[in-house]
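# Results of the structural survey
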Amino acid sequence: MSFVELSALSNFTFLTGASHPEEFVLRAGEMGMPAIAIADVNSVAGIVRAHTKARELARDGGPVVRLIPAARIVLDTGFHVTVLPRDRAAWGRLCRLISLGRLRARKGTCDLALPDLLEWGEGMEMLLIPPDQRLTLATEAPRATTHWHSAAKALIARFPGQVSLALPPRYDGQDRARFARLEALATSLRIPTVATAMPAMHHGSRRRLADVLTAIRLGRRVDMLGLHALPNGEGRLRSEPEMRRLYRGHEPALARAAEVAARAAFSLDELRYQYPSENAEGETAAQRLARLAEAGLDWRYPDGAPDRVRAQMAHELDLIAKLKYEPYFLTVHDIVAFARKRGILCQGRGSAANSIVCYALGVTSVSPEIGTMVFERFVSEARNEPPDIDVDFEHERREEVIQHIYDRYGRHRAGLCATVIHYRGKRAVREVGRAMGLSEDTLGAMSSQIWGWGGPGAVTDTRLREIGLNPNDRRLRQTMALIDEIQGFPRHLSQHVGGFIITEGRLDELVPIENATMEDRTVICWDKDDIDTLGILKVDILALGMLTCIRKAFQLLEKHHHQRFTLATLPPEDPATYQMLCEADSLGVFQVESRAQMNFLPRMKPRSFYDLVIQVAIIRPGPIQGDMVHPFLRRRNGQEQVSFPDDALGRVLGKTLGVPLFQEQAMQIAIIGAGFTPTEADRLRRSLATFKKHGSVSEFHDRFLAGMKANGHDDDFARRCFAQIEGFGSYGFPESHAASFALLVYASAWIKRHHPGIFACALLNAQPMGFYAPAQIVRDARQHGVIVLPPCIQTSQWDNVMEESATPGGPLALRLGFRQIKGVSEEEALWITAARGNGYHRVEDVWRRAGVTSATITRLAEADAFASLGIPRRQALWAAQALQPTRPLPLFAGDMDGEGIIEPAVQFREMTTGEAVVEDYVAMRLTLRAHPMALLRPWLTEAKPAETAPRPPATCSGQALTLVPASAA
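Residues numbered from 1 in each chain as written. Predicted model: local features only at pLDDT ≥ 70, side-chain atom pairs only at ≥ 80, totals over all residues. Heavy atoms only, no water.

Each helix and strand in the chain was counted, giving 40 helices and 19 strands. Put simply, the chain has 969 residues, and 54% of those count as buried. When the accessible surface of the chain is totalled, it reaches about 42,500 Å², and 52% of it is carbon and sulfur. (Helix = DSSP H or I, 4+ residues; strand = E, 2+ residues; numbered from the N terminus. Buried < 20%, exposed > 50% of the residue type's maximum accessible area, 1.4 Å probe, protein only. Areas by Shrake-Rupley, 256 points an atom, 1.4 Å probe, with all protein chains shown as cover.)

As structure tokens, then:
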């Protein structure tokens, strides 16, 4: 029987394992090994990747390698045991065990004791790691193993027939004698021995990288590792012939490895994810979905839904029922219903969100009649995977939704997806460089040469020479090789931006759950690619600042203009709004406020909602890299004839004038134009989502070009299409997402066009978000005729507010709130407004009545908030400095009027405009006085030739240079 490795440590034991799980599987296949177990420390984070690689090898006609899920459990006493579940129930217990230890500890650590293993170890093969085996782990150094024998005996007694003793070599010339001692130990314990190389790398060439990882983990230089460094490169995956040479005389231990592997028959293919049933009392999920969708149609179409809409919804419901996706849509509906009940603005988007069903359920406010994509392209029997719906919530209130999900389903049924943080670019340079002993100045210079994500070869020899380094230096050459080698290695786990896994049964019996860094958040250890591979449902609960802004604007519109709007009830297709966008007057408008979008708006000239859909999607890496932008503009402007490669592609590219702009179109071109099978197209789609990490989209290049040529398409068109697909790999934008975003573009633009003051107020209250600082937002509002008033101790609130004009019917004015003053907290601002009563009269009143700190009074004075009391900035600062927190207050301080400490009045010189502007920027990062450039106008003269232009006189003292106006000179 062939040898099977039962305890391979991958790089998902972070900063310890020196090989990817996939590399172990691939190497095992090359060696003819029938199976391999990936056993990371208190984790199963990497096994889905190994399982996926094993399936790909078998699918592509390569060697068949079975992935055995396993974990190396490390107890708080330093006791190590590799566990391999025999069946699905044992896998559930292993997940519960790891969850138990990780939920007890802070993120990234695990706290397990022997009683935990005794409670949850049923049905697992256990390989006891010998007490003298030297292990280097990413966790803290193991404690003394004085209780090893007692723990081993307890496990043997509790789980008879499940426990074996591992025989790992140390490659120090003493293995024969060590094996003999371990055989004797196993005999005394009455358990068998099992051979395992316990590799931490798939190939010996990774030894140097393994030492670098250890150095990073320990915070040392490689040449200072001492005994922590690997003594040799022998701790690698070994073939059966190598193992037979090592274990000569101990052949039964080799045979038992295969026997244990045969008993550990569990496969990840056995995992069956179940959606939450979402049944209501007396209703099935299908009945409940149909009832809610029908009620939603009456809500969306008060005058009656058109027949074609009802027919489309019936068609969608039939397809959903066939695929049994009703619980998915009901889960999303319930989350959105909770948000709506709480007044939290939200908007769904994604492959299935732009459907009649989602429109009726209130998941999205985009009418599906606007889009062009067919429902079956995203929810189909062929794809056999759940639909994709992302829901954006107000960024200030998303946590309420997250906690609601935990409360409703329980933390044992719901958890956030993980995100694997990989070594890329600058991080790789800095951490590997430090481990190799390079100085911080050198590392800073090297990392400055990397743009974007970086990757292998990002810092070339030429660039090294440009920054004064010798690329032929031995240490630097080794460092650069290791930097390239570590690219793509996992560094640690983080939480996904909002991907929630929700289950019918216990989530912690499907995958381990652990604490996130953020309080009250729990996450699973698998990322979105892993759960996608296993067919696990994910609902994205995302945050979007513009939704906060729009909701606050809607509230202001209702308060001041008595107009109630929702995203779905805004006046449609408003010509004035489109004219504003055509003029690139879009500062603060969602998605079209960047300089690139502003430059494109006058050329695009959007005049309809679908124009906005295109506008959102076209300024993206995909269309730009594929050289699709200019052909589209030429066709739109009538400068180029609209043509299609053939009728089939014409149906795909019709609304975009024959130019592919959306991710869905790129996929359809691959299927229709290049002859991709549905399976190949799905693999291409998946590769787009992982391009930044793996770059696997390029694998399809030759296949795509050959398929396009075979179907008679022009080579240039084929290359541009594939270039666009590669661009989507960096950042793809589907039409379904673009339509949802276009609605927010229209909503924010409509508010800005018709109520610029309210828009600016809401935008300031939703900060931080977007491209622009408060100073630019305020300046833009004033250019649109908005009256902006400074912060005032008498009238300002924490938020910026709209004030009614003193003249009846006059325009609203934007009053800046205390939130615009740097260093003033919301809590203290609330105390100031609560204690204001009939108003303050002196600086001391605010300190005495509101109970805020003297530092806050100083910041208010610096922002000139006491000007309405007739107290200039300098005088207010003088009064603030007199407020000492340790000075006792007189008993009747409010009525003494002059008693107490009496100081002579101090007269301060009035601030110049320039001084006031500077202080405004220091205190609030904006000013309502003169523009800073206006202060330099006395020195600006008409342009003259350089040799004749007079220079302004200057006085220089040390490093200070003072320009003197020409008039003064």
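And the narrative resumes.
Turning to the nonpolar core, a few remarks are in order. The biggest cluster of nonpolar side chains holds 148 residues, and the ones touching the most others in it are L6, I73, W91, L128, F329, I389 and W526. Discounting chain neighbours no more than four positions away, the residues touching L128 are F79, H80, V81, W148, A152, L155, V163, S164, L165, A166 and I191. Judged by nonpolar contacts, the second largest core, of 123 residues, contains F632, V786, V788 and V852. (Core = buried A, V, L, I, M, F, W, Y, C linked by side-chain atoms within 4.5 Å. Contact = heavy atoms within 4.5 Å.)

Taken together, the seven strands give an open sheet; going across it, the order is β1-β2-β3-β4-β5-β6-β7, and neighbouring strands pair in mixed fashion. With one partner strand each, in any of the chains shown, β1 (5-8) and β7 (193-195) form the two edges of the open sheet. For this sheet the average axis-to-axis angle between neighbouring strands, irrespective of direction, equals 35 degrees. Two elements, strand β3 (residues 66-74) and strand β4 (residues 80-85), share four bridges in a ladder whose sense is antiparallel. Bridge pairing links V74 to H80 in β4. Sitting on the sheet, helix α3 (residues 88-104) is in contact with β2 (35-41), β3, β4 and β5 (124-128), with an inclination near 35 degrees to β3. Most of the contacts of helix α6 (residues 175-189) go to strand β6 (residues 163-167), to which it runs at about 170 degrees, and overall it touches β6 and β7. (Pairing = 2+ DSSP bridges. Axes fitted to C-alpha atoms, helices over the stretch in contact; angles between N-to-C directions.)

Of all residues in the chain, 88% attain a pLDDT of 70 or more, and the chain-wide mean is 86. A low-confidence stretch, residues 894-900 stays under pLDDT 50, and its non-local contacts, those more than four residues away or across chains, total one contact. Every residue in residues 952-969 scores below 50 in pLDDT, and together they form 19 contacts with partners more than four places removed in sequence or on other chains. (pLDDT = per-residue confidence, 0-100.)

A complete count under the given rule lists 18 aromatic pairs for this structure. Taking 5.2 Å as the distance between ring centres and 70 degrees as the angle between the ring planes, the aromatic pair formed by Y406 and F500 counts as edge-to-face. With Y406 in helix α14 (residues 398-409) and F500 in strand β11 (residues 490-502), the pair connects residues that are 94 residues apart, well separated along the chain. No difference in accessibility class separates Y406 from F500, as the two residues are buried. Each ring, one from F771 and one from Y772, has its centre 6.4 Å from the other, and the planes form 45 degrees; the classification is tilted. Among the residues examined, Y772 registers a relative accessible area of 9% and is labelled buried. Connected via pairs of aromatic rings, a cluster forms that spans F676, F700, F704 and F722. (Phe/Tyr/Trp six-rings, centres within 6.5 Å; stacked < 30°, edge-to-face > 60°.)

Applying the stated rule across the entire model yields 59 salt bridges. With its nearest N and O atoms 2.6 Å apart, the salt bridge here joins R310 to E294. Pair noted here: R310 is in helix α11 (residues 307-323) and E294 is in helix α10 (residues 285-300), with a separation of 16 residues, a long-range link. R310 gets classed as partly exposed once you look at its relative accessible area, which sits at 30%. Close ionic contact of R506 with D508 constitutes a salt bridge, the shortest N to O distance being 2.8 Å. Note on R506: relative accessible area 35%, which makes it partly exposed. (Salt bridge = Lys/Arg side-chain N within 4 Å of Asp/Glu carboxyl O.)

Take the sheet that holds strand β12 (residues 513-515) next. The seven strands lie next to each other as β8-β9-β14-β11-β10-β13-β12, forming an open sheet whose pairing is mixed. Each of the sheet's edge strands pairs with one partner strand only, and the pair in question is β8 (346-349) and β12. For this sheet, the mean inter-axis angle between neighbouring strands, taken without regard to orientation, is 45 degrees. In the sheet, strand β10 (residues 414-422) pairs with strand β13 (residues 522-527) via two bridges, with the strands oriented parallel. Bridge assignment links A418 to a residue of β13, and that residue is D527.

Turning next to a nonpolar patch on the surface. Residues W878, V906 and F908 make up a contiguous nonpolar surface patch of roughly 260 Å² in combined accessible area. Along the chain, the position of W878 falls in helix α38 (residues 873-881). The class of W878 is partly exposed, set by a relative accessible area of 45%. (Patch = residues over 30% accessible without salt bridge, like charges linked within 9 Å, V, L, I, M, F, W, Y side chains within 5 Å.)

In this approach, a probe sized like a water molecule rolls over the atoms, and the result shows the empty space that is left. Taken as a whole and assessed by the stated rule, the structure comprises three cavities of 30 Å³ or more. Lining the largest cavity, in full, are L587, K752, P756, F759, A760, L763, I777, D780, A781 and H784. Broken down by secondary-structure element, the contributors of at least two residues to the lining of the largest cavity are α33 (756-765) and α34 (774-783). If one sorts the elements of the lining of the largest cavity by residue count, α33 sits on top with four residues. When grouped by side-chain class, the residues that make up the lining of the largest cavity number seven nonpolar, one polar and two charged. (1 Å grid on protein atoms, 1.4 Å probe; cavity = no way out; pocket = protein on both sides within 12 Å on 5 of 7 lines; lining within 4 Å. Points joined across faces, edges and corners; volume = space filled by probe spheres on them. Nonpolar A, V, L, I, M, F, W, Y, C, P; charged D, E, K, R; others polar.)

Residues of helix α37 (residues 854-862) that are buried include every one of S854, T856, I857, T858, L860 and A861, and no others. Those residues of α37 that are buried lie in contact with α35 (826-834), α36 (843-850) and α38. Once α37 finishes, D864 follows within two positions and takes phi at roughly 60 degrees, a positive value.

Where helix α21 (residues 575-582) contacts helix α32 (residues 735-754), the two axes come as close as 9 Å, and the packing angle between them is 95 degrees. One finds that α21 runs roughly perpendicular with respect to α32. Residues A576, T577, Y578, M580 and L581 of α21 lie in contact with α32, whose contacting residues are Y746, A749, W750, K752, R753 and H754. Among the residues making up the contact of α21 with α32, the classes are represented as seven nonpolar, two polar and two charged. (Parallel < 35°, antiparallel > 145°, perpendicular 65-115°, else oblique.)

Most of helix α27 (residues 663-673) sits out of view: nine of its eleven residues are buried. G675 lies just past α27 and shows a positive phi near 70 degrees.

Cis geometry is adopted by the peptide bond preceding P768, which originates at Q767 and carries an omega value of 5 degrees. Examined against the element boundaries, P768 turns out to sit in the loop between α33 and α34. Positive phi outside glycine occurs at N42, with the angle close to 50 degrees. Along the chain, the position of N42 falls in the loop between β2 and α2 (47-59). For N42, a relative accessible area of 3% corresponds to the buried category. Unlike most non-glycine residues, R925 shows phi in positive territory, near 65 degrees. Residue R925 is classed as partly exposed on the basis of its relative accessible area, which comes to 40%.

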